[in-house]
Amino acid sequence: MRLTFSLLCLASLALPGLASGQTRLVVNADLGKDTINRHIYGHFAEHLGRGIYDGFWFRPDDNAEPRLRDDIVEALKAIRIPNVRWPGGCFADYYHWRHGIGPRAERPRMVNALWGEVVEDNSFGTHEFMELVDRLGAEPIVVGNVGSGTVQEMADWWEYLNHPGGSSLADERAANGHPEPFGVSFWGVGNESWGCGGRMTAQHYADVYKNFAEFIRRMGPVRPFRIAAGPYADRRLAVEMNNWGDPFEWTETLMREAGTDLDGVDFHYYTFARLFGATSASATDFAEKDWIVAMDLALDIDSLITRHSSIMDRYDPAKRVWMIIGEWGLWHDVEPGTDPGFLYQQNTLRDALVAGIHLNIFNNHADRVRMANLAQTINVLQSLILTRGEQMIKTPTYHVFDMFKVHQDAVLLPVDLDKTTYAFGTDSVQAVTASASRDASGRVHITLTNQDPNQGRTLEIELRGTNASRVSGRVLTASAMNAHNAFEDPDSLMPVNFEGARLRGSTLTVNLPPKAVVALEVQ
Ligand code: AHR
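Below is a short write-up of the structure. (Residues numbered from 1 in each chain as written. Predicted model: local features only at pLDDT ≥ 70, side-chain atom pairs only at ≥ 80, totals over all residues. Heavy atoms only, no water.)

## Some thoughts on the nonpolar core
Then, number 1: Within the largest apolar cluster, 159 residues are counted, with the highest numbers of intra-cluster contacts made by Leu-25, Trp-187, Phe-362, Ile-446, Leu-448, Ile-461 and Leu-520.
Then, number 2: Of the residues forming this core, the biggest block, 13 residues, is contributed by helix H9 (residues 288-315).
Then, number 3: Leave out the neighbours within four places in its chain, and Leu-25 touches Val-415, Asp-416, Leu-417, Ala-434, Ile-446, Leu-448, Leu-459, Glu-460, Ile-461 and Glu-462.
Then, number 4: With 7 residues, the next largest nonpolar core counts Ile-141, Phe-225, Ile-227 and Met-371 among its residues. (Core = buried A, V, L, I, M, F, W, Y, C linked by side-chain atoms within 4.5 Å. Buried < 20%, exposed > 50% of the residue type's maximum accessible area, 1.4 Å probe, protein only. Helix = DSSP H or I, 4+ residues; strand = E, 2+ residues; numbered from the N terminus. Contact = heavy atoms within 4.5 Å.)

Okay, here's the thing in structure tokens:
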């Protein structure tokens, strides 16, 4: 594959009319047909570490009522967060929903054996989650418990959330303060059922899935959108390093056995640089080798999507079933001095590039990838927001989601990008990624990443099939690979106006800085 990149790179230099060192990108503004589903820009919040408690949910010390944090809600609304997946993750298969309803003081306490063995007081449960998504204007994605729950328990939760009234469960919901049904449609049937969700084989899970899914039925106006646990997408981690089963076989078995009974398949894929040659697992203290390994792994999601999609195509050629990348992001070591079970990590320009790469790739697969959830919104893994007491900071990843939000529900414009490579030592990866869309008002949006931390790239962008007269943009970059925001300096890394784009006729020349994410708007 790397050899192919090099040949394509040489070929691009030889293209007529292209100056040496320039890379050509064609934006086919006349060929758009697929919509970029806004749910690609989705999120994930598990009962893990300080994601919910000390994240979304503020529990004052003085016995005052706990509450959602307004500053966090406002920050997430600003990037138009379309959905939140909850309560896990692995925690979903330990969670019993009845523990999280009714008067808070009476809710049972359990040990969160998975994540730090902390006592979970269940003060954040169903009604609190629904209040959160309501305030965000986002869709809830509820993941039901398959691993340690029962079919009846899951069906009861579904009825409690969605029955219009008159059944005992709907009346109980009303007594708990919500007479109206919540109207939850997105429904996960277990999580990582090959691992923490029950260590099942593909065939066993497919049978169990059909059993549980059968009892999640239309309720009043709510049609269930049933999501099956997909594989860990990458074979190396799933088979060579763990005993999670072959991911391609999982996709094949699930689609063959249950493909007509499901609406989405939830694939997981993390950028685990430390497992694939990085010299440091620190989020902030790393070398260029660690940078390029992360870029390489992030770029791999492209071919993984293609391979899993081709299996799905055999059983679902009309692409009715959504491919969901339900957990993704960089997984570093925890910040020094923090609980290893809490997965709290800082977030640098490297995370921003990894986010931009994933989102460009997801956009370009919009015909099959219709939902994705970054892991995990606040204080856990590749977060949008970090908190310390009442302070909060927006991470570089937050800013990438802000820059890319214009693609939500826009029409994907296919792009042809000549390959240009970035090399370090014996490693070499694609240097640039791009995606483009046209929004409802006719504006064209182009998002770009330059993975090369040392060299800029000059892109000659041909805007095919559109008349353009104006370009503007924003760029996120810094001089250091590990630039990040800290509580002492919360806005040191933010997008600024981009002055590096010039429009002449239908040609846009862009001087893409090194290690940068750029978003352009063309009118
Ligand atoms: O996001 C952390 C964990 O990673 C999730 O709980 C699990 O689904 C995955 O393995």
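## Concerning the packing of H9 against helix H10 (residues 349-364)
Then, number 1: Two elements in contact, H9 and H10, have axes whose closest approach is 10 Å; the angle formed by their N-to-C orientations is 15 degrees. What the angle tells us is that H9 and H10 run roughly parallel. The two elements H9 and H10 meet at a crossing, and its hand is right-handed. Residues Asp-290, Trp-291, Ala-294, Met-295, Ala-298, Leu-299, Ile-301, Asp-302 and Ile-305 of H9 form the contact with H10, whose own contacting residues are Leu-349, Arg-350, Leu-353, Val-354, Ile-357, His-358, Ile-361 and Phe-362.
Then, number 2: Split by residue class, the contact of H9 with H10 holds 13 nonpolar, 1 polar and 3 charged. (Axes fitted to C-alpha atoms, helices over the stretch in contact; angles between N-to-C directions. Parallel < 35°, antiparallel > 145°, perpendicular 65-115°, else oblique. Left-handed = near helix turned anticlockwise from the far one by under 90°. Nonpolar A, V, L, I, M, F, W, Y, C, P; charged D, E, K, R; others polar.)

## Let's talk about the pairing of strand E22 (residues 457-464)
Strand residues, when the strand is regular, have side chains that alternate between the two faces of the sheet.
Then, number 1: Pairing geometry for strand E1 (residues 22-28) and E22, over 7 bridges, is parallel. The residue of E22 that forms the bridge with Arg-24 is Glu-460.
Then, number 2: By the bridge criterion, 6 bridges tie E22 to strand E26 (residues 507-512) in an arrangement that is antiparallel. When the bridges of E26 are listed, Ile-461 appears paired with Leu-508. (Pairing = 2+ DSSP bridges.)

## Looking at the sheet that holds E26
Strands in a sheet are paired, the pairing made by backbone hydrogen bonds, and the direction either parallel or antiparallel.
Then, number 1: Taken together, the 5 strands give an open sheet; going across it, the order is E17-E1-E22-E26-E25, and neighbouring strands pair in mixed fashion. Strands at the two margins of the open sheet, each flanked by one partner only, are strand E17 (415-417) and strand E25 (501-504). On average, each strand axis in the sheet is inclined to that of its neighbour by 20 degrees, with strand direction left out of account.
Then, number 2: Two strands pair when backbone bridges link them, and E25 and E26 are joined in this way by 4 bridges, in the antiparallel orientation.

## Points about the sheet that holds strand E16 (residues 411-413)
Then, number 1: Reading across from one edge, E16-E20-E21-E27-E23-E24 is the order of the 6 strands in this open sheet, with antiparallel pairing throughout. Here the strands that pair on one side only, and so sit at the sheet edges, are E16 and strand E24 (496-497).
Then, number 2: As defined by bridge partners, strand E23 (residues 471-476) adjoins strand E27 (residues 516-522) across 6 bridges and the pair is classed as antiparallel. From the neighbouring strand, Gly-473 faces E27, where its bridge partner is Leu-520.
Then, number 3: Set on the sheet, H10 makes contact with E16, strand E20 (432-438), strand E21 (444-450), E23 and E27; between it and E20 the angle comes to about 50 degrees.

## Topic: the environment of Arg-38
Then, number 1: In this structure, Arg-38 sits in the loop between E1 and strand E2 (42-44).
Then, number 2: Residue classification places Arg-38 among the partly exposed positions, given a relative accessible area of 31%.
Then, number 3: Beyond its immediate sequence surroundings of up to four residues, Arg-38 is in contact with Pro-82, Gln-408 and Asp-409.

## Some thoughts on unusual backbone geometry
Then, number 1: Cis rather than trans, the peptide bond between Trp-86 and Pro-87 has omega equal to 5 degrees.
Then, number 2: The linkage connecting Gly-88 with the following residue, Gly-89, adopts the cis geometry, with an omega of 15 degrees.
Then, number 3: Relative to the helices and strands, Gly-89 is located in the loop between strand E5 (83-86) and strand E6 (110-112).
Then, number 4: A positive phi is found at Arg-80, a non-glycine position, where the angle reads about 55 degrees.
Then, number 5: Among the secondary structure elements, Arg-80 is positioned in the loop between helix H2 (70-78) and E5.
Then, number 6: For Arg-80, a relative accessible area of 44% corresponds to the partly exposed category.
Then, number 7: Even without glycine at this site, Asn-379 takes up a positive phi of about 65 degrees.
Then, number 8: The topology assignment puts Asn-379 in the loop between strand E13 (369-375) and strand E14 (385-388).
Then, number 9: Looking at Asn-379, the relative accessible area reads 0%, which means it is buried.

So, to be careful, I would describe these as geometric facts and stop short of saying anything about function.
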